[in-house]
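The primary structure of each chain is shown beneath.
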2 protein chains.
Amino acid sequence: MLTLFHAPWSRSSRLVWLVEELGADCRIEYCDIRRMDGTGAADPRNPHPDGKVPALLHDDALITESAAVALYLTGLHPEAGLSFPPDSPQRGSLLTWMFWASGELEPSLWNKMSGAVDADAYARARYDAAMTRLLEALWEGPWLMGDRFTVADVLIGSTVGWARDHLPESPLLDAYVERLAARPAHARALARDGAPPQYAEAS
Amino acid sequence: MLTLFHAPWSRSSRLVWLVEELGADCRIEYCDIRRMDGTGAADPRNPHPDGKVPALLHDDALITESAAVALYLTGLHPEAGLSFPPDSPQRGSLLTWMFWASGELEPSLWNKMSGAVDADAYARARYDAAMTRLLEALWEGPWLMGDRFTVADVLIGSTVGWARDHLPESPLLDAYVERLAARPAHARALARDGAPPQYAEAS
């Protein structure tokens, strides 16, 4: 059995979207987390060792880190076509995007939000390189890996949508965010993201 | 054909080690990079868009980001036993370690080296959580995932060895570094890491 520990409007929201894209049979367990505004608290039911989300339980096995959960869920559903076989060079490109998201894109965005990009030449160069990589891929488009919508679009697309105000002005980025929002699974995920009434009443 | 773009004594050294662990048929292309001490320069022959290493070419496909290259190479060699099948929960644990390395361990180490861990409570908490996770796994041991040596030991083990002075005093960590160094593939990789004489003379 698959159980996703999820906090509404958080980093695990992208996994709710992925569950919908994959048609995965996955129970969503709504839980509390510490929020950046100081509200919330680690939920004792959440198995994540740092009290964060997402956390995925597959039977007794625990999977954490957004991109790891995303790749793993996608690997369970090859029929959904959101990834590539292990020996395909495109699999290598997909893995590059997934690790680039956590290793380059996210640190660049934090540096942009903290002001480091405006104060430090190294942070500026790193941010610029990340934006160039993103925009060049979308110039080819319509998805990061061309014609095929992949799990990289879920991971990176959700980050782009969330951090849109900290990314360059660009019709390419605007159109990408619109294409992502137009996906039926995206709309279903939005509807499923918030806590169901029985949870909201109990907490 | 597989070609690994590698700079001696750099982050790509771990991939040379992995090539030896896997017995992969992979050509090593020695190249220059910008070093943290200000020496070196981006090598025009290196296809990495940011001039960094590692970069792997599989025919015409480019794979970058250390962990992506590591997972991809490992996926081409399932017979080496350094990973798990896509539908195995242990595959999920392995992916967690791989993304944890770039998302938590490496930022924690940079924060330790920069002094942020001593100055900032959030950085301290993150570093402590990372060290706890690492030490708990090695307490079970002998490898991060128990009895099976995996690609996570190559990725994280190489980081532990490189940053040993910035990690806690611990016989568990010392013994882990010794176990890694005792692997025949590790010794072969060390011998192959530096540029061969004909390259050193030409450059």
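Residues numbered from 1 in each chain as written. Chains lettered and ligands numbered in written order. Predicted model: local features only at pLDDT ≥ 70, side-chain atom pairs only at ≥ 80, totals over all residues. Heavy atoms only, no water.

**Details of unusual backbone geometry**
Here A:G141 and A:P142 are connected by a cis peptide whose omega angle stands at 0°. Within the secondary structure, A:P142 is located in the loop between α5 (121–140) and α6 (151–162). Across the junction of B:V53 and B:P54, the peptide omega takes the value 0°, indicating a cis bond. Inspection of the secondary structure assignment puts B:P54 in the loop between β2 (26–30) and β3 (55–58). Phi is positive for B:D59, close to 50°, though the residue is something other than glycine. Tracing the sequence through the fold places B:D59 in the loop between β3 and β4 (61–64). Even without being glycine, B:E65 reaches a positive phi, approximately 75°. Considering the arrangement of structural elements, one finds B:E65 in the loop between β4 and α2 (66–75). (Helix = DSSP H or I, 4+ residues; strand = E, 2+ residues; numbered from the N terminus.)

**Some points on the packing of helix α3 (residues 89–114) of chain A against α5(A)**
Residues and elements named next belong to chain A. Close contact between α3 and α5 brings their axes to 9 Å; oriented N to C, the two are set at 130°. As judged from the angle between their axes, α3 and α5 are oblique. Relative to α5, the crossing made by α3 is left-handed. Contacts between α3 and α5 pair T96, W97, W100, G103, E104, L105, P107, S108, N111 and K112 from the former with A123, R126, Y127, A130, M131, R133, L134 and A137 from the latter. In terms of residue class, the contact of α3 with α5 is built from 10 nonpolar, four polar and four charged. (Axes fitted to C-alpha atoms, helices over the stretch in contact; angles between N-to-C directions. Parallel < 35°, antiparallel > 145°, perpendicular 65-115°, else oblique. Left-handed = near helix turned anticlockwise from the far one by under 90°. Contact = heavy atoms within 4.5 Å. Nonpolar A, V, L, I, M, F, W, Y, C, P; charged D, E, K, R; others polar.)

**A closer look at the relation of the copies chain A and chain B**
The two chain copies are connected by a rotation around an axis plus a translation along it. Mapping chain A onto chain B calls for a rotation angle of 180° and an axial translation of 0.0 Å; the resulting RMSD is 0.0 Å. Within this description, the copies of the chain are treated as partners about a two-fold rotation axis. With an isologous cut-off of 70% or more, the 100% of interface residues of chain A that recur at the interface of chain B puts this contact in the isologous class. (Least-squares fit on C-alpha atoms with pLDDT ≥ 70 in both.)

**Let's talk about helix α7 (residues 171–181) of chain A**
Residue and element names in this part refer to chain A. For α7, every residue scored as buried is listed here: L173, Y176 and L180. On an axial view of α7, the arc spanned by its buried residues comes to 60°, and they lie on one face. Seen from the open side of α7, the exposed residues pointing more than 90 degrees away from its buried face are P171 and E178. Buried-residue contacts for α7 involve α1 (13–22), α5, α6 and α8 (184–193). (Buried < 20%, exposed > 50% of the residue type's maximum accessible area, 1.4 Å probe, protein only. Arc of directions from axis to C-beta.)

**A look at the nonpolar core**
Core analysis: the biggest nonpolar cluster contains 114 residues, and A:M98 and B:M98 have the highest contact counts within it. If near-sequence neighbours (up to four positions away) are discounted, A:M98 is found in contact with A:A67, A:A70, A:L71, A:V151, A:A152, A:L155 and B:F99. (Core = buried A, V, L, I, M, F, W, Y, C linked by side-chain atoms within 4.5 Å.)

**Description of the sheet that holds strand β2 (residues 26–30) of chain A**
Residue and element names in this part refer to chain A. Overall, mixed pairing links the four strands, which are arranged β2-β1-β3-β4 in an open sheet. In the strand order of this sheet, the two ends are held by β2 and β4 (61–64), each with one partner. Here the average twist between neighbouring strands, direction ignored, is 25°. Summarising the sheet, strand β1 (residues 2–6) and β2 pair through five bridges and their orientation is parallel. What sits directly across from F5, in β2, is E29. (Pairing = 2+ DSSP bridges.)

**With respect to the interface of chain A and chain B**
Facing 32 residues of chain A, the contacting portion of chain B comprises 32 residues. Between chain A and chain B, roughly 2500 Å² of surface is buried when both sides are summed, and carbon and sulfur atoms account for 61% of that area. Among the salt bridges present, the one from A:D50 reaches B:R133, with a minimum N-O distance of 3.3 Å. Where chain A packs against chain B, one counts six residue pairs in polar contact (both at pLDDT 80 or more). (Buried area = accessible area lost by both parts, 1.4 Å probe. Salt bridge = Lys/Arg side-chain N within 4 Å of Asp/Glu carboxyl O. Polar contact = N/O pair within 3.5 Å; in protein donor to acceptor, adjacent residues only side chain to side chain.)

**Overview of the packing of α1(A) against α6(A)**
All names here are of chain A. Two elements in contact, α1 and α6, have axes whose closest approach is 10 Å; the angle formed by their N-to-C orientations is 150°. When the axis of α1 is compared with that of α6, the two are roughly antiparallel. Two packed elements cross with a definite hand, and for α1 against α6 that hand is right-handed. Side by side, α1 and α6 meet where R14, W17, L18 and E21 of the first sit next to V151, D153, V154, L155, S158 and T159 of the second. By residue class, the composition of the contact of α1 with α6 is five nonpolar, two polar and three charged.

**Quick look at the pairing of β1(A)**
All names here are of chain A. Within β1, five of the five residues are buried, which leaves it mostly tucked inside the rest of the structure. The two faces of β1 match: L2, L4 and H6 on one face and T3 and F5 on the other face are all buried. This β-α-β element, β1 to α1 to β2, shows right-handed connectivity. The pairing of β1 with strand β3 (residues 55–58) spans four bridges and is classified as antiparallel. Residue pairing for β3: L2 is matched across the bridge by H58. (Right-handed = clockwise from strand over helix to strand, strands pointing away.)

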